[in-house]
Amino acid sequence: PTTRTGVCAATSMTELKRPRTAMTTEMIHQLLLEREHARSRSDFATADRIRNELQAAGVKVEDQSRTWTADDGRSGTRPNAADGPDPKPPSCQPVYQRVSSGWINQKLAERQLLLQRADAIARELQQHGVAVDIVGYVGGAAMPASHASFPAPPFATTYAAAGGPEHMSNEWITEQLLQREQARANKDYHTGDRIRDHLQQLGIKIDDASRTWTSADGRNGIRPNAH
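Summary of the structure given here. Being a predicted model, the structure only gives us computed values, none of them experimental. (Residues numbered from 1 in each chain as written. Predicted model: local features only at pLDDT ≥ 70, side-chain atom pairs only at ≥ 80, totals over all residues. Heavy atoms only, no water.)

**Focus on a nonpolar patch on the surface**
Thinking step 1. Side chains of Ile121, Leu125 and Val130 sit close together on the surface and give an oily, nonpolar patch of about 200 Å² of accessible area.
Thinking step 2. Looking at where Leu125 falls in the secondary structure, it is placed in helix H4 (residues 101-127). (Patch = residues over 30% accessible without salt bridge, like charges linked within 9 Å, V, L, I, M, F, W, Y side chains within 5 Å. Areas by Shrake-Rupley, 256 points an atom, 1.4 Å probe, with all protein chains shown as cover. Salt bridge = Lys/Arg side-chain N within 4 Å of Asp/Glu carboxyl O. Helix = DSSP H or I, 4+ residues; strand = E, 2+ residues; numbered from the N terminus.)

What follows is the structure, encoded as structure tokens:
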């Protein structure tokens, strides 16, 4: 068998009777320190994995007495998280940069053009009997930055929240609802549901039973039909 260090364990009869730990004392200390840092941030899965790895290597940890013992007779004090930096810190969270609304609108416009092109290619393939999924896009033009939905960065508010539903015109909402109804009329329920979900993210609720819509800022209107 091979240990974490890649050093093969001895296989003589003497060693089989009394297995020796291939880990150095420094390695044991580093693993114990890594385990304590994991426990301090409530990452118990990692802490248990390290404990099991040490046990498999013949190192027993006694948390109550803060000690460890190896099957070759060595022993020592189990470190605390405050005794040193984490040898293997968790991955850092992504850092977001603030960008201008003009840059966002430019990128959204580029995205819409690509989506339209992708849909055109998909429909061309379907005409030749190739089954592909129609991507579908919301709106015929680039969506204003205040209407965009973004993964939640660690800012106080996202651009969508900063814009708010009051920045969406009734005409824009009606156009999205019309495109949804046209998609549903064509039995393209995937696109219809996607437009509905996107509007809900922006604070627009649709009541199909009464054919009405309401926005988070108090506006309301009639949901159009496909024709």
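**As for the environment of Leu199**
Thinking step 1. Inspection of the secondary structure puts Leu199 in helix H7 (residues 189-201).
Thinking step 2. Residues Leu199 and Ser215, spaced 16 residues apart in sequence, show a C-alpha to C-alpha distance of 9.3 Å.
Thinking step 3. Setting aside residues up to four positions removed in sequence, Leu199 forms contacts with Trp172, Gln176, Leu177, Ile204 and Ile206. (Contact = heavy atoms within 4.5 Å.)

**Brief notes about helix H3 (residues 44-56)**
Since one α-helical turn is 3.6 residues long, residues separated by three or four positions face the same way.
Thinking step 1. Counted at 1.5 Å a residue, the expected span for H3 with its 13 residues is 18 Å, and the 18 Å between its end C-alpha atoms agrees.
Thinking step 2. Within H3 the residues assigned to the buried category are Thr46, Ala47, Ile50 and Leu54. On an axial view of H3, the arc spanned by its buried residues comes to 100°, and they lie on one face. Among the exposed residues of H3, those pointing more than 90 degrees away from its buried face are Ala45 and Ala56.
Thinking step 3. Of the surrounding elements, those touching the buried residues of H3 are helix H2 (25-40) and strand S1 (59-62). (Expected span 1.5 Å × (residues − 1). Buried < 20%, exposed > 50% of the residue type's maximum accessible area, 1.4 Å probe, protein only. Arc of directions from axis to C-beta.)

**A word on the pattern of salt bridges**
Thinking step 1. A full pass over the atoms with the stated rule returns 21 salt bridges.
Thinking step 2. In this structure, Asp63 and Arg39 form a salt bridge, with 3.1 Å as the shortest nitrogen-oxygen distance. Remark: Arg39 occurs in helix H2 and Asp63 occurs in the loop between S1 and strand S2 (67-70); sequence separation between them is 24 residues.
Thinking step 3. We classify Arg39 as partly exposed; its relative accessible area is 30%.
Thinking step 4. For Arg66, the salt bridge is made with Asp83, and the minimal N-O distance between the two is 3.8 Å. Here Arg66 is found in the loop between S1 and S2, whereas its partner Asp83 is found in the loop between strand S3 (75-77) and H4, with 17 residues between them in sequence.
Thinking step 5. Taken together, the shared-partner salt bridges in this structure form one network comprising Arg35, Glu36, Arg39, Asp63 and Arg78.

**Some words on the side chain of His37**
Thinking step 1. Along the chain, the position of His37 falls in helix H2.
Thinking step 2. Given a relative accessible area of 14%, His37 falls into the buried group.
Thinking step 3. Polar contacts involving the side chain of His37 include one to the main-chain carbonyl oxygen of Ala81, which spans 3.1 Å.
Thinking step 4. Beyond its immediate sequence surroundings of up to four residues, His37 is in contact with Ala81, Gly84, Pro85, Asp86 and Pro87. (Polar contact = N/O pair within 3.5 Å; in protein donor to acceptor, adjacent residues only side chain to side chain.)

**Thoughts on the pairing of S1**
Thinking step 1. Residues Val59 and Val61 line the buried face of S1, whereas the alternating positions Lys60 and Glu62 sit on a face that is not buried.
Thinking step 2. With four bridges joining them, S1 and S2 adopt antiparallel strand pairing. Directly across from Val61, in S2, lies its bridge partner Trp68.
Thinking step 3. The turn joining S1 and S2, which pair antiparallel and follow one another in sequence, is formed by four residues; a positive phi near 55° is taken by Arg66. (Pairing = 2+ DSSP bridges.)

**A few points about the nonpolar core**
Thinking step 1. One finds Met23, Ile28, Leu31, Leu32, Ile50, Leu54, Ala57, Val59, Val61, Trp68 and Ala70 forming the largest nonpolar core, which totals 11 residues.
Thinking step 2. At the level of elements, H2, H3, S1 and S2 are the ones that each hand at least two residues to this core.
Thinking step 3. Ranked by residues supplied to this core, first place goes to H2 with three residues. (Core = buried A, V, L, I, M, F, W, Y, C linked by side-chain atoms within 4.5 Å.)

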